Amino acid sequence: MAEVIQFNCPVCGTLLRLPLAMASKRGPCPNCQREIMAPDPSRGIGAYEIPEAPPPREIEPFRPFADPLPEPVAVEEEEAPAPQVVQLPVCEKPQRAVLVLSCLLTAAVALALGFALGVCSKEFFMRVPTAAEQVRPNPPPAEVKAPEPIPVRVKTVIEEPPATEKPQEPATVAAAAEAALRAFLVAPDWASRSAYVLFPEKVRGAMEAYSREVPDGPTPFTAIAVKQTQIDEKSGHTLFIFFVSTEAFPTGIPVAVQETPGGWLVDWQSFVEFRDQLFQKFVDGPADKTRRFHLIVSPPPAERAANTENEHFVSYLLNAPLNQKPQIAFVKKASEVFETFQTATASGGFFTPVLEVAKRQTADGKNYLEVLGVPATDWLPRVD
């Protein structure tokens, strides 16, 4: 069975069928006799009514003017008879004649096309009989291929990201960090100073206990200078290392100032350790003590290492900042600390870890230092 198009008359709603080859053809509906256009499923065009053409405009009949032309003046010539003047009718408006002929020709063509289309439409438009008119049920129509959807252009609106705060200039950032450091240094006591320290919940107790051993108060300084800065990749926060010059330490005490969501805060633990030379006090103090320090580790000279090493230990130099005297410390062979030290100083250089150091005493009463662990391989602020 040939493919057909089944649709409803857009005027009277009568169900109509026609061959698929007659898509987009026009003709009268067999039921209401209104002029309609057949659908075209391949182009997604449905059936619609063709508006009636307006009635032709009445054309005024052609009427030539009856008045004759004025008689020309006769010219006398020798041996020539006077010319006979013939009176001719003249059209007042010749353009109107052309318009009339064009309209007549257009009407003739339109009538011819309408007639041809009407004859053709009788051959392919068929009204679907009602249930009463049907003698037997017709087979179901062949599956009509669904028209392809008409592409719709969707305008994509790209929302601009919300405006972010303009990043501060480096000079402004450093000034803010230095302002927090100055407030920390001039604070009158540990309680006031605790408002400017990192990890205040865990450090406040240590600050209060330390104030009972060492007189608390402001730290006089002569100058403050930025020596190092770095940005944490995870948090995006900035860390400044300032050198605070005092009368006792004119070269400067290294102080870490960290950017936090609550503002710029100072690493109190390392500041007190460097300012009060706690590592040197630990070395000069009693044995059987263990503490953590920020230290500089380097391999000892070969001749000195030969005099301090044995089958169980190797030796390294430990030095605190501020030009203190280097100290020999021992590390057990085949330990994690030994492997860490070997890797970090393989090229003969030094590294700056946080070390857990114990002060011990031999059977004959000699004191020595032993490195028990490496809690951190850098001096970034953290809580012990």
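My aim in this report is to walk through the structure given alongside it, one point at a time. Think of each chain on its own: its residues are numbered from 1, step by step along the sequence as written. The model is predicted, so local features are restricted to residues of pLDDT at least 70 and side-chain atom pairs to those at 80 or more, both for listing and for counting; the totals for chains, interfaces and linings are taken over all residues. Values shown for side chains rest on all heavy atoms present in the structure; no hydrogens or waters enter the calculation.

1. Here's the deal with helix α5 (residues 268-275)
Moving on, step 1. Counting buried residues along α5, 7 of its 8 residues qualify, which places the element largely inside the surrounding structure.
Moving on, step 2. Immediately downstream of α5, the backbone of Q277 shows phi near 50°, a positive value. The classification of residues rests on relative accessible area computed with a 1.4 Å probe and restricted to protein chains. Under 20% of the type maximum is buried, over 50% is exposed, and intermediate values are partly exposed. Where helices and strands are cited, they refer to DSSP runs of H or I of at least four residues and of E of at least two residues respectively, numbered from the N terminus.

2. Description of the sheet that holds strand β7 (residues 223-231)
Moving on, step 1. A pair of strands counts as paired when DSSP detects no fewer than two bridges linking them. Judged by pairing direction, the sheet is antiparallel, and its 4 strands sit side by side in the order β7-β8-β9-β10 without closing on themselves. Unpaired on one side and paired on the other, β7 and β10 (263-266) mark the two borders of the sheet. The average undirected angle you get between the axes of adjacent strands in this sheet is 25°.
Moving on, step 2. The sheet contact formed by β7 and strand β8 (residues 238-245) spans 8 bridges and is antiparallel. Following the sheet pairing, A223 is matched in β8 by S245.
Moving on, step 3. When checking whether two residues touch, look at their non-hydrogen atoms; a contact exists if any pair is within 4.5 Å. Structural elements are reduced to axes, namely lines fitted to C-alpha atoms, with helices fitted over the stretch in contact, and the angle between N-to-C directions of any two is expressed from 0 to 180 degrees. In this fold α5 packs onto β9 (253-260) and β10, with an angle of close to 175° to the strand it touches most, β9.

3. Digging into empty space enclosed by the protein
Moving on, step 1. For each structure, a 1 Å grid was placed over the protein atoms alone; sets of points admitting a 1.4 Å probe that cannot get out are labelled cavities, open sets with protein on both sides within 12 Å along at least five of seven lines are labelled pockets, and lining residues have an atom within 4 Å of a point. Grid points are joined across faces, edges and corners, and a volume is the space filled by probe spheres set on the points. Summed over the entire model, instances satisfying the criterion amount to 1 cavity of 30 Å³ or more.
Moving on, step 2. Space inside the largest cavity adds up to approximately 40 Å³.
Moving on, step 3. At the level of elements, α5 and α6 (278-284) are the ones that each hand at least two residues to the lining of the largest cavity.

4. Regarding the pattern of salt bridges
Moving on, step 1. Basic side-chain nitrogens of Lys or Arg form a salt bridge, by our definition, when they fall within 4 Å of a carboxyl oxygen of Asp or Glu. With the rule as written, the count across this model stands at 9 salt bridges.
Moving on, step 2. Close ionic contact of R26 with E35 constitutes a salt bridge, the shortest N to O distance being 3.5 Å.
Moving on, step 3. The class for R26 is partly exposed, based on a relative accessible area of 36%.
Moving on, step 4. Residue E35 is classed as partly exposed on the basis of its relative accessible area of 24%.
Moving on, step 5. A salt bridge links R360 to E370, with the nearest nitrogen and oxygen atoms 2.7 Å apart. Taken together, the positions of R360 in strand β15 (residues 354-361) and E370 in strand β16 (residues 367-376) put the pair 10 residues apart, joining distant regions of the chain.

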